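So you can see what is in the structure, the chains are spelled out below.
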Amino acid sequence: MIQLKSRLNVIDNSGAIVAECIKVLKNARWASVGDEIIVSVKKARPISEKTTNVQSAAKLRKGDVRRAVIVRTKKEIRRPDGRYVRFDDNACVLLNNNQQPLGSRILGLVSAELRFKNWIKIVSLAPRVV
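### With respect to the overall build of the protein
Across its full length, the protein carries 3 helices and 7 strands. Listing every helix and strand of the protein by position from the N terminus yields β-β-β-α-β-β-β-β-α-α. By the compact-globule yardstick of 14 Å for 130 residues, the protein fits well, its C-alpha radius of gyration being 14 Å. If you line up the protein on its principal axes, its C-alpha atoms span 50 × 30 × 25 Å. Sorting the 130 residues of the protein into buried and exposed places 42% on the buried side. Carbon and sulfur atoms form 47% of the exposed surface of the protein, whose accessible area is close to 7800 Å².

Here it is in structure tokens:
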């Protein structure tokens, strides 16, 4: 259950490390796995001289506002077979304007509910789906 001011780990290689939810993009107070939110980058990797010349490197800085999709939550999720799945942290993947992942890699596992909510690109990039 991610709501306003919730902090999430960013698990792609876009350059952001920690993001904070500033808007849930559905008519609800909270969002769960597979829902889209708007986040503000709170902590980012420093941009070095070498990566400033490369066009493909995402130049994310602290304070940037981006869309993201939630891939893990601490709040348990009920599966149709009756099992409950929960993770150790809240995590998200940043998106571009075309609803595609901003980074080219995803570092860590993601929830299987993303497949049912049509985030196939994120599922295919993830090293493990739980």
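The discussion continues.
### Some points on the environment of Asn118
Locating Asn118 in the fold gives a position in the loop between α2 (113-116) and α3 (120-125). Judged by its relative accessible area of 65%, Asn118 is exposed. Each C-alpha atom of the pair Asn118 and Arg29 lies 22 Å from the other, and the pair is 89 residues apart in sequence.

### Comments concerning the side chain of Arg72
Its place among the elements puts Arg72 in strand β4 (residues 65-72). In this structure the side chain of Arg72 is engaged in a polar contact, spanning 3.0 Å, whose partner is the side chain of Asp89.

So, how was this worked out
Residues numbered from 1 in each chain as written. Predicted model: local features only at pLDDT ≥ 70, side-chain atom pairs only at ≥ 80, totals over all residues. Heavy atoms only, no water. Helix = DSSP H or I, 4+ residues; strand = E, 2+ residues; numbered from the N terminus. Rg over C-alpha atoms; globule rule 2.2 N^0.38 Å. Buried < 20%, exposed > 50% of the residue type's maximum accessible area, 1.4 Å probe, protein only. Areas by Shrake-Rupley, 256 points an atom, 1.4 Å probe, with all protein chains shown as cover. Polar contact = N/O pair within 3.5 Å; in protein donor to acceptor, adjacent residues only side chain to side chain.

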